[in-house]
Amino acid sequence: MSPARLQSCFAAWIVALTVLFYAFPAFSMFTWAAIGLSAALAVIVGVQVHRPSKRLPWYLLSAVLVSFTAGDTTYNILTDFMGRQNPFPSLADVFYLLVYPMLAVALLIFIRARSGADNRAALLDALVPTAGLGLLSWVFLISPYVRDDNMGLLEKLTSASYPLGDVLALAMLLRLLTAGSRKPVALTTLAAGVTALLATDVVYGLRQLDGTWQVGGPTDSGWIFFYTALALAALHPSMRRLTSGGDAATQSVAGGRRVAAMAIASLIAPAVLVIEDLTDGVEDAIMIATASGTMFLLVMARVAGLIQSQRENTARERTLRMSAANLVAASSETEAGEAVRQAVAALVPEGEDYRFCYVRGVADPGEASGLVGTGWASVADLPAVVAAQFGDFESALYGESVIGSPDGTLPHRNRAYLAADDHVLTALQPSFEALMAQGTLAVERISLTEEINRRSSEDYFRALIQSASDVILIVGDDERIRYASPSTLPVFGRTDLTGTPLVRLFASTDHADLRALLEQAASGRGSRDGVDLNAISGDDLLLQVEVTCRDLRDDPAVDGLVVTIRDVTERRRLENDLAHQAYHDSLTGLANRSLFQNRLEQAALSAESTRSLVGVLFVDLDDFKEVNDTLGHGAGDQLLVAVGRRIAEVAGRLNMAARTGGDEFAVLIEHITDPDEVERVAEGIVVALSEPIEVTDGTGGRHLVSGAASVGVATSGDADGITELLRRADVAMYVAKTDGKRTWRLYRDELHQEMIHRLEMRSALVEAVPGDQMRLRYQPIVDLPTGEMIGLEALVRWQHPLRGLLGPNEFIELSEENGSVVAIGGWVLREALGTFAGWRASPGGASLKYVSVNVSARQFRTPGFVDQVREVLAETGVRPEWLLLEITESLVLHDADQVWADLRELRAMGIRIAIDDFGTGYSSLSYLSQMPVDVLKIDKSFIDDILHSAQQMALVETIVSLARTLELKVVAEGIELDGHRDALAAMGCPYGQGYLFSKPVTADEIGARLGLGTTSTTSTPAK
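Every value quoted in this text rests on a predicted model; they were computed, and no experiment measured them.

Conventions used here
- Residues numbered from 1 in each chain as written.
- Predicted model: local features only at pLDDT ≥ 70, side-chain atom pairs only at ≥ 80, totals over all residues.
- Heavy atoms only, no water.
- Pairing = 2+ DSSP bridges.
- Helix = DSSP H or I, 4+ residues; strand = E, 2+ residues; numbered from the N terminus.
- Axes fitted to C-alpha atoms, helices over the stretch in contact; angles between N-to-C directions.
- Contact = heavy atoms within 4.5 Å.
- Patch = residues over 30% accessible without salt bridge, like charges linked within 9 Å, V, L, I, M, F, W, Y side chains within 5 Å.
- Areas by Shrake-Rupley, 256 points an atom, 1.4 Å probe, with all protein chains shown as cover.
- Salt bridge = Lys/Arg side-chain N within 4 Å of Asp/Glu carboxyl O.
- Buried < 20%, exposed > 50% of the residue type's maximum accessible area, 1.4 Å probe, protein only.
- Lys, Arg positive; Asp, Glu negative; His and termini not counted.
- Charge placed at Lys NZ, Arg CZ, Asp CG, Glu CD.
- Parallel < 35°, antiparallel > 145°, perpendicular 65-115°, else oblique.
- Left-handed = near helix turned anticlockwise from the far one by under 90°.
- Nonpolar A, V, L, I, M, F, W, Y, C, P; charged D, E, K, R; others polar.
- Core = buried A, V, L, I, M, F, W, Y, C linked by side-chain atoms within 4.5 Å.
- pLDDT = per-residue confidence, 0-100.
- Polar contact = N/O pair within 3.5 Å; in protein donor to acceptor, adjacent residues only side chain to side chain.
- Expected span 1.5 Å × (residues − 1).
- Arc of directions from axis to C-beta.
- Phe/Tyr/Trp six-rings, centres within 6.5 Å; stacked < 30°, edge-to-face > 60°.
- Lys NZ or Arg CZ within 6 Å of the ring centre and 35° of its normal.

1. Let's talk about the sheet that holds strand β15 (residues 709–715)
Consideration 1: Here five strands make up an open sheet; going across it, the order is β11-β12-β10-β15-β16 and the pairing mixed. Single-partner strands in this sheet number two, and they are β11 (656–661) and β16 (744–746). Strand-to-strand twist in this sheet, taken as the mean axis angle between neighbours without regard to direction, amounts to 20°.
Consideration 2: Sheet contacts for helix α20 (residues 593–610): β10 (613–621), β11 and β12 (664–672); angle to β12, the most-contacted strand, approximately 20°.

2. What to know about a nonpolar patch on the surface
Consideration 1: Nonpolar side chains collect at one region of the surface, where Leu 20, Phe 24, Phe 27, Phe 30, Ile 77, Phe 81 and Met 82 lie side by side and expose about 740 Å² of accessible area between them.
Consideration 2: Met 82 gets classed as exposed once you look at its relative accessible area, which sits at 54%.

3. A look at the sheet that holds strand β7 (residues 531–536)
Consideration 1: Pairing is antiparallel across the open sheet formed by five strands, whose spatial order is β6-β5-β9-β8-β7. Looking along the sheet, the strands with just one partner apiece sit at the ends: β6 (481–484) and β7. Each strand of the sheet is rotated relative to its neighbour by a mean of 35°, with strand direction disregarded.
Consideration 2: Looking at chain direction, β7 and strand β8 (residues 542–551) are connected through six bridges and run antiparallel. By the bridge assignment for β8, Ile 536 is matched with Leu 542.
Consideration 3: Helix α18 (residues 511–523) rests against β7, β8 and β9 (561–567) of the sheet, and its axis sits at about 15° to β8.
Consideration 4: Running at roughly 115° to β8, helix α19 (residues 569–583) makes contact with β7, β8 and β9 of the sheet.

4. Examining the environment of Thr 835
Consideration 1: When you line up the elements, Thr 835 lands in helix α27 (residues 821–840).
Consideration 2: Residue classification places Thr 835 among the buried positions, given a relative accessible area of 0%.
Consideration 3: Along the sequence, Thr 835 and Thr 876 sit 41 residues apart, while their C-alpha atoms lie 8.8 Å from each other.

5. Comments concerning a negative patch on the surface
Consideration 1: A cluster of like negative charges, contributed by Asp 392, Glu 394, Asp 421 and Asp 422, occupies part of the molecular surface.
Consideration 2: Relative to the helices and strands, Asp 392 is located in the loop between α14 (384–387) and β3 (395–403).

6. A look at unusual backbone geometry
Note on backbone geometry: most residues besides glycine have negative phi, and most peptide bonds are trans.
Consideration 1: At His 671, a position not held by glycine, the phi torsion is positive, near 50°.
Consideration 2: Topologically, His 671 is positioned in strand β12.
Consideration 3: Despite not being glycine, Arg 742 has its phi angle at roughly 55°, a positive value.
Consideration 4: Along the chain, Arg 742 falls in the loop between α24 (722–738) and β16.
Consideration 5: Arg 742 gets classed as partly exposed once you look at its relative accessible area, which sits at 49%.

7. Thoughts on the pairing of strand β13 (residues 693–696)
Walk down a regular strand and you will see the side chains alternate between the two sheet faces.
Consideration 1: Side chains of β13 alternate between two faces, with Ile 693 and Val 695 buried and Glu 694 and Thr 696 left unburied.
Consideration 2: Pairing of β13 with strand β14 (residues 702–705) involves four bridges; the strand directions are antiparallel. The partner of Val 695 across the bridge, within β14, is His 703.
Consideration 3: Linking two consecutive strands that pair antiparallel, namely β13 and β14, is a turn of five residues; a positive phi of about 95° is found at Gly 700 within it.

8. Description of the packing of helix α1 (residues 3–23) against helix α8 (residues 220–235)
In a pair of packed helices, the angle between the axes and the distance between the axes together describe the arrangement.
Consideration 1: Look at α1 against α8: their axes get within 10 Å of each other, and the N-to-C directions meet at 165°. Classified by the interaxial angle, the pair formed by α1 and α8 is roughly antiparallel. The interaxial crossing formed by α1 with α8 has right-handed handedness. Here Pro 3, Leu 6, Gln 7, Phe 10, Ile 14, Thr 18, Phe 21 and Tyr 22 of α1 come into contact with α8, specifically with Asp 220, Ser 221, Ile 224, Thr 228, Ala 231, Leu 232 and Leu 235.
Consideration 2: Here the residues of the contact of α1 with α8 are counted per class, giving 10 nonpolar, four polar and one charged.

9. Brief notes about the nonpolar core
Consideration 1: Core analysis: the biggest nonpolar cluster contains 73 residues, and Tyr 778, Trp 839, Leu 883, Leu 885, Leu 906 and Leu 984 have the highest contact counts within it.
Consideration 2: In terms of residue count, α27 provides more of this core than any other element does, nine residues in total.
Consideration 3: Residues in contact with Leu 883, not counting those within four places in the same chain, are Leu 829, Leu 833, Tyr 850, Val 851, Val 853, Val 869, Leu 873, Ile 911 and Arg 912.
Consideration 4: Judged by nonpolar contacts, the second largest core, of 45 residues, contains Phe 21, Leu 65, Ala 92 and Val 99.

10. Details of the confidence of the model for the chain
Consideration 1: Here the chain averages 80 in pLDDT, while 79% of its residues score no lower than 70.
Consideration 2: Taking the mean pLDDT of every element in the chain, the minimum, 56, falls on helix α16 (residues 458–467) and the maximum, 95, on strand β25 (residues 991–992).
Consideration 3: This stretch, residues 246–253, has a pLDDT under 50; its non-local contacts, to residues over four places away or in other chains, come to 27 contacts.
Consideration 4: Under a pLDDT of 50 for its full length, residues 1015–1023 has, in the predicted model, 22 contacts with residues more than four places off or in other chains.

11. Some details on the pattern of salt bridges
Consideration 1: Applying the stated criterion across every chain, the model contains 31 salt bridges.
Consideration 2: Where Asp 353 meets Arg 355, a salt bridge forms, and the shortest distance between an N and an O atom there is 2.8 Å.
Consideration 3: Taking the relative accessible area as the measure of exposure, Arg 355 reaches 34% and is therefore partly exposed.
Consideration 4: Connected through shared salt-bridge partners, Glu 793, Glu 886, Lys 937 and Glu 973 make up one network.

12. Points about the side chain of Lys 937
Consideration 1: Among the secondary structure elements, Lys 937 is positioned in strand β23 (residues 935–938).
Consideration 2: When its relative accessible area of 1% is taken as the criterion, Lys 937 is described as buried.
Consideration 3: There is a polar contact of 2.8 Å between the side chain of Lys 937 and the side chain of Gln 993.
Consideration 4: Excluding residues within four positions of it along the chain, Lys 937 makes contact with Glu 793, Glu 886, Ala 914, Ile 915, Asp 916, Asp 917, Phe 918, Val 971, Glu 973 and Gln 993.

13. Observations concerning the packing of α1 against helix α2 (residues 28–50)
Consideration 1: Packing of α1 against α2 brings their axes to within 9 Å, and their N-to-C directions diverge by 170°. As summarised for this structure, α1 and α2 are arranged roughly antiparallel, according to the angle between their axes. Note on element contacts: α2 touches α1 through Ser 28, Thr 31, Trp 32, Ala 34, Ile 35, Ser 38, Ala 39, Ala 42, Val 49 and His 50, opposite Pro 3, Leu 6, Phe 10, Trp 13, Ile 14, Leu 17, Thr 18, Leu 20 and Phe 21.
Consideration 2: Here the contact of α1 with α2 is composed, by residue class, of 14 nonpolar, five polar and no charged.

14. What about helix α13 (residues 333–347)?
Consideration 1: With 15 residues, α13 should reach 21 Å at 1.5 Å per residue; the first-to-last C-alpha distance of 21 Å fits that figure.
Consideration 2: Those residues of α13 that fall on the buried side of the exposure criterion are Ala 336, Gly 337, Ala 339, Val 340, Ala 343, Val 344 and Leu 347. Buried residues in α13, looked at end-on, bunch into an arc of 160°, giving them a common side.

15. Structural notes on α8
Consideration 1: Taking 1.5 Å per residue as the helical rise, α8 with its 16 residues ought to reach 22 Å, and the 23 Å between its terminal C-alpha atoms agrees with that figure.
Consideration 2: Counting buried positions over the 16 residues of α8 gives 13, a clear majority of the element.

16. Details of the pairing of β9
Consideration 1: Strand direction decides the pairing type here: strand β5 (residues 471–475) and β9, joined by five bridges, are antiparallel. Of the residues in β9, the one forming a bridge with Ile 472 is Thr 564.
Consideration 2: Sheet topology note: the β8/β9 ladder contains seven bridges and is antiparallel. Along β9, the bridge assignment pairs Asp 551 with Leu 561.

17. A few points about the packing of aromatic side chains
Consideration 1: Considering all chains together, one arrives at 13 aromatic pairs under this definition.
Consideration 2: On the basis of an interplanar angle of 45° and a centroid distance of 6.0 Å, the ring pair of Phe 226 and Tyr 227 is categorised as tilted.
Consideration 3: The class for Phe 226 is buried, based on a relative accessible area of 0%.
Consideration 4: Geometrically, the ring pair formed by Trp 798 and Phe 811 is edge-to-face, given 5.8 Å between the ring centres and 75° between the ring planes. Here Trp 798, found in strand β18 (residues 789–800), pairs with Phe 811, found in the loop between β19 (804–806) and α26 (812–818); they are 13 residues apart in sequence, far enough to count as distant. Neither residue differs from the other here; Trp 798 and Phe 811 are each classed as buried.
Consideration 5: A network of ring pairs unites the aromatic residues Phe 21, Tyr 22, Trp 32, Phe 68, Trp 223, Phe 226 and Tyr 227 as a single cluster.
Consideration 6: Directly above the ring of Tyr 850 sits Arg 912, whose terminal nitrogen or CZ lies 4.6 Å from the centroid.

Take a look at the structure:
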């Protein structure tokens, strides 16, 4: 169950219990205990679900809830069942008072985890309001008990312990909240709950003093809120961040709200003094004076800290000013580096250990120069050469800059690292970043000075400008062009630009960006790198140009802003084209795998924040290889385009359809609120692709082919990341394939086990033949008019070591996938011919004319198959005409030249060839007269309905008549009824096989029918 659903269910449960608590006061003790224990259990559940790095504080919070509930239950038992009137103090108070130290310890652990190192400023900021509120607690809650002469010492101590516990919890809470870091939702919820506890305790104490307290009133809702808030905080995923250390506080800065809070807290003591003086007289002078003094000392300590920080900041600023002067005076990179090193030594506080080093490397050509970035780095993540210089330090500040080379070679990249203790780095980070910026500017200035000196020759400068392909303009302060290079002609179609306002060269929509670029260059602030604008050429065409600007008004030879314009129209168009090609499939125009992955990652992040779901569909075409094999790859490409279009139409505009490779597609469905939505899309795709698609072959012929596909569906509800989500969709698609194709399947955990089972079967198939696990069954082929058995078809079975005897439908497809079908086919051929040779050598088997053996396409295409058949015939002594090889239509139509050559060679040997399951594949009637085959086997699907369908009867008659015309023999498969046999015999079909005559049986049973007893074969007999 998702965290959001857990929170919702728990909140609904608490609301229901609260309603029962107020609606049925007679059962309030039980409902109240249920509320408290439910909250405690929810905290434990949150710990088990989210697994924070430190579990102790959460277990303490659960114990707080249990102790609070135990106190309430004990109190109710003493009053309701034992008849005691207002039992105080009692065992219930022990449970109540245990709440405060446990709560304080839990909050203290959170403080240590989130603050990391000690934060003195945050501690002082928390103690000031705590002292003020503690004074209020003494005056209004503790003092009345202390002065009550009717109460004993134990009663006074117990009564005073409650407000003191509240003050302790308040101090811990304020310290936790004053940590200068981002506050996760769990922390905010926890703080709200503790605040509710403290406020409710105050109300409870005041009403106890007034004698108006009663169970079941509105005050109880505050404690219910406390229970609920602690549980919801534990159930929220952000609870891990309270102890992860990832939100460690930085140095506290006394902002307006914090200063205001401290000021108000400081005025509490004077306000209390005034109130007591105006009412019954000052009774708490000692406590008021103590609180005032304490808050005064705390504020002074805070002020002293601020003064110290100001002194340190002033010293750092002075150091930075001095370093700036040294950097200005530097005339080389070496001198600038030494100035930075001296500044770092001055910035680090005296007595603190540190390490500082430079690393220099080559930057990429054309990379923008300047300060690239600054920040924190883990020493463990730095290059080994750098990390070795930092000893035991764990963190370092870094600054990175790219400096152009004055000699025209590749620019170089400078990296500076400062390693020290974390508190030192925290204090120095702003100064370090400023120093890195100063150093970068100094090195750039030095580099630019060297560049200007190198190009000081006027002749060199003029030749460079005249031959430059970029447009170079000099613009005055009035933004009019004072000089234009000759390259303006091919770009703008004119050269007479002198005196023209610069803005006239650009589209009006870009004038603001152009002026901003000029102002940045003129003022020396902001980025001066290239800006893309739209320029207007002489024939009013828009060009995409890249504009840069340099302020050379101080250079007497230029005295203006130098604007460089580069025509990047073709480059931008090429970039856009390349970007589209990089993320889209060139054949279908759909998104490719890379774009799909990127979009899925973004969708997953969005779904996590919005608490919605993401769905992924994997679509894999069924039997796509047959289209490529029979009609060519051109027809296959047409099929892929049509399938992609249909998938995109079903997915809709809001979802993404992608081709991820070959005949595989994927669909991403975002923002799912109804889980059935994904299943509707999957069903729609299956239905849309079930309609035939028309394609053309290489000769211009039109064909209707199937685009049917298997679809796997998975959603992100329980998936751990997008990798797991993709794996689940793939597993579901794989199962849809194995379940008969042309369907869709939604991922379930048991599907993974089914896939593992298939993999185990594939692996076991490799050992099937070497392990003597294959068995043969033989089905008689009879002469339909006479009923005489004239031949046998050898059918393979697998004696699985664990699952028993398996039929071909359970393993043949797997053997095709892993290639073991070649070894199985070779074993069947050798076993069948050896057994048949034994039958023919006996008197009872002389009537058998042939044995039929199925050959898979993969086995037939294996190099040396014809030679293998020849060798087996020689080994077993079987005459070639006794062997009938059964092949599929698609094999004959694929690689026709090579396949037909092999078939002709086999027939030349005397072996006969049969087309198995004729009519179930793609149409081959146009090739039938040329095929090197002898027998057509009519598939069982045609025979089943010939007694009930005139169309089916006519179709079978046509096949029989066509075969007779082409002088081919016909064998009808799947004959199960006498009516089937009579109808086939009447239309002239000579041979048939099926359960009417015999199911597939063992070699021994065939031998018994022939009167031979047990049959001896070339290998282990069938069992």
